[in-house]
Amino acid sequence: MKYAIYQMDVVVADPEANREKIKNWIEKQVNDDKPDTVVIPEMWNAGYALDRLDGLADNNGEKTIPFFSELAKKHQINIIGGSIANQKENGIYNTSYVFDRNGDLVHQYDKMHLVPMLDEPKYLSGGEAKGAVFELDGVKMGVVICYDLRFPELMRAIALQGAEVIHVVAQWPTSRKDHWKFLQHARAIENQCYIISANSCGTCNGTDFAGESMVINPSGELVASGLPETETTIRASIDLTEVAEIRKNIPVFESRVPHLYGE
């Protein structure tokens, strides 16, 4: 499966400008060397202008869903749609949408772990749905959002449902860039799956974002990476037979003894 990852410099507080950037980027990727799947970063519609989300957030995906659906169908590609600030009846959520080649919405997820260091709990509501898998081109996958990477319980729950690829969409800050890199390698090794991340770059409200989006294989080896703090495209092809092979050779899941782990 061929991937193109957009390490995007999000235009802060300008959803329309960001939609135009994404549209142009996708069209370029399709024309250059058509990928099977594209991945967009976290909070791409507004950036971390959290104190202005009342006027910037989408309304239950009414702009984002048709935007990605039309692009996916037109170009016959899968889209891991990063995440957006998303107004719902009981609050503003950090919502991820996933679309298949037909333009169908196959998965949505509200970020459950909110970042205290960036004041997310002050402005956002946390999702309450359990981690779940979806399928693209017959492959079981998952998606988590930024701070979720720090919680192995969530990633393991998705892997136990058969996920061979887990996507991490993020706006991870430069100040904690080493955590960003080490945690992704750890999640790939312990869950014996591909970890594919799209991080943003640029600056918002004094916070610099790290870039260094990654593709890591089930052995924990780096397949591809973006440059630090630079808008760029990361391309990689993944070999899903590697997942089955390592799970057979190192049978971590069969060796689990969950009745001894406690809650």
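Structure's up top.
Here we summarise the structure given alongside this text. Just so you know, these numbers come straight off a predicted model, no measurement behind them. (Residues numbered from 1 in each chain as written. Predicted model: local features only at pLDDT ≥ 70, side-chain atom pairs only at ≥ 80, totals over all residues. Heavy atoms only, no water.)

Next up on the list: empty space enclosed by the protein. If you walk through the whole model with that rule in mind, you get two cavities of 30 Å³ or more. Empty space within the largest cavity amounts to approximately 60 Å³. In terms of lining residues, the largest cavity is bounded by Val115, Met117, Leu118, Cys146, Tyr147, Arg150, Gln171, Trp172, Pro173 and Arg176. Grouping the constituent residues of the lining of the largest cavity by class yields seven nonpolar, one polar and two charged. Each pocket or cavity is described by its volume, and for the second largest cavity that value is around 40 Å³. Every residue lining the second largest cavity is listed: Asp9, Val10, Val12, Gly47, Gln171, Cys201, Gly202, Thr203, Cys204 and Phe209. Residues that form the lining of the second largest cavity fall into these classes: five nonpolar, four polar and one charged. (1 Å grid on protein atoms, 1.4 Å probe; cavity = no way out; pocket = protein on both sides within 12 Å on 5 of 7 lines; lining within 4 Å. Points joined across faces, edges and corners; volume = space filled by probe spheres on them. Nonpolar A, V, L, I, M, F, W, Y, C, P; charged D, E, K, R; others polar.)

What follows is about the pairing of strand E7 (residues 105-110). Relative to E7, strand E6 (residues 91-99) runs antiparallel, the two sharing five bridges. Residue phenylalanine 99 lies in a different strand from E7, and its bridge partner there is leucine 105. Linking two consecutive strands that pair antiparallel, namely E6 and E7, is a turn of five residues; a positive phi of about 85° is found at glycine 103 within it. (Pairing = 2+ DSSP bridges. Helix = DSSP H or I, 4+ residues; strand = E, 2+ residues; numbered from the N terminus.)

Buried residues of helix H7 (residues 241-249): Val243, Ile246 and Arg247, and no others. The buried residues of H7 occupy one face: seen down the axis, they fall within an arc of 100°. Opposite the buried face of H7, by more than 90 degrees, sit the exposed residues Thr241, Ala244, Lys248 and Asn249. (Buried < 20%, exposed > 50% of the residue type's maximum accessible area, 1.4 Å probe, protein only. Arc of directions from axis to C-beta.)

Attention now goes to the packing of helix H5 (residues 152-160) against helix H6 (residues 177-191). Contact pair H5 / H6: the axes reach a minimum separation of 10 Å and the direction vectors enclose 40°. Regarding the angle of H5 to H6, the classification is oblique. In the crossing of H5 with H6, the sense of the turn from one axis to the other is right-handed. Contact residues: Pro152, Met155, Arg156 and Ala159 in H5; Arg187, Glu190 and Asn191 in H6. Among the residues making up the contact of H5 with H6, the classes are represented as three nonpolar, one polar and three charged. (Axes fitted to C-alpha atoms, helices over the stretch in contact; angles between N-to-C directions. Parallel < 35°, antiparallel > 145°, perpendicular 65-115°, else oblique. Left-handed = near helix turned anticlockwise from the far one by under 90°. Contact = heavy atoms within 4.5 Å.)

Below, the discussion takes up the layout of surface pockets. Space inside the largest pocket adds up to approximately 190 Å³. For the largest pocket, the full set of lining residues is Arg156, Arg256, Pro258, Tyr261 and Gly262. The residue makeup of the lining of the largest pocket, split by class, is two nonpolar, one polar and two charged.

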